[in-house]
Amino acid sequence: MAVPVLLLGAAMLSGCVTVNAPSEPIVIELNINITAEVVYRLAEDAGNTIEENADIF
């Protein structure tokens, strides 16, 4: 008899958990710098072009 009473008491004392959606939209800012990769690719392509066309440079 004590176990059901204990469980009922624990259930009555437990808190209420609520989950609400935010009123404002979630904003994720991704500031990614890709300049180095682009410059590297251009430098590699330029080097290949100069090697392939050495007579015009």
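The following refers to the structure shown. (Residues numbered from 1 in each chain as written. Predicted model: local features only at pLDDT ≥ 70, side-chain atom pairs only at ≥ 80, totals over all residues. Heavy atoms only, no water.)

## Side note on the overall build of the protein
Inference 1: If you tally the helices and strands in the protein, you get two helices and zero strands.
Inference 2: For the protein, the residues scored as buried account for 0% of the 57 residues in total.
Inference 3: Carbon together with sulfur atoms contributes 64% to the accessible area of the protein, which is approximately 6000 Å² in total. (Helix = DSSP H or I, 4+ residues; strand = E, 2+ residues; numbered from the N terminus. Buried < 20%, exposed > 50% of the residue type's maximum accessible area, 1.4 Å probe, protein only. Areas by Shrake-Rupley, 256 points an atom, 1.4 Å probe, with all protein chains shown as cover.)

## Let's talk about a nonpolar patch on the surface
Inference 1: A cluster of nonpolar side chains, namely Ile26, Ile28, Leu30 and Ile32, defines an oily patch on the protein surface of about 540 Å² accessible area.
Inference 2: Among the secondary structure elements, Leu30 is positioned in the loop between helix H1 (2-13) and helix H2 (35-52).
Inference 3: Classification of Leu30 as exposed rests on a relative accessible area of 66%. (Patch = residues over 30% accessible without salt bridge, like charges linked within 9 Å, V, L, I, M, F, W, Y side chains within 5 Å. Salt bridge = Lys/Arg side-chain N within 4 Å of Asp/Glu carboxyl O.)

Note that every value here comes from positions in space, so none of it alone points to a role or purpose.
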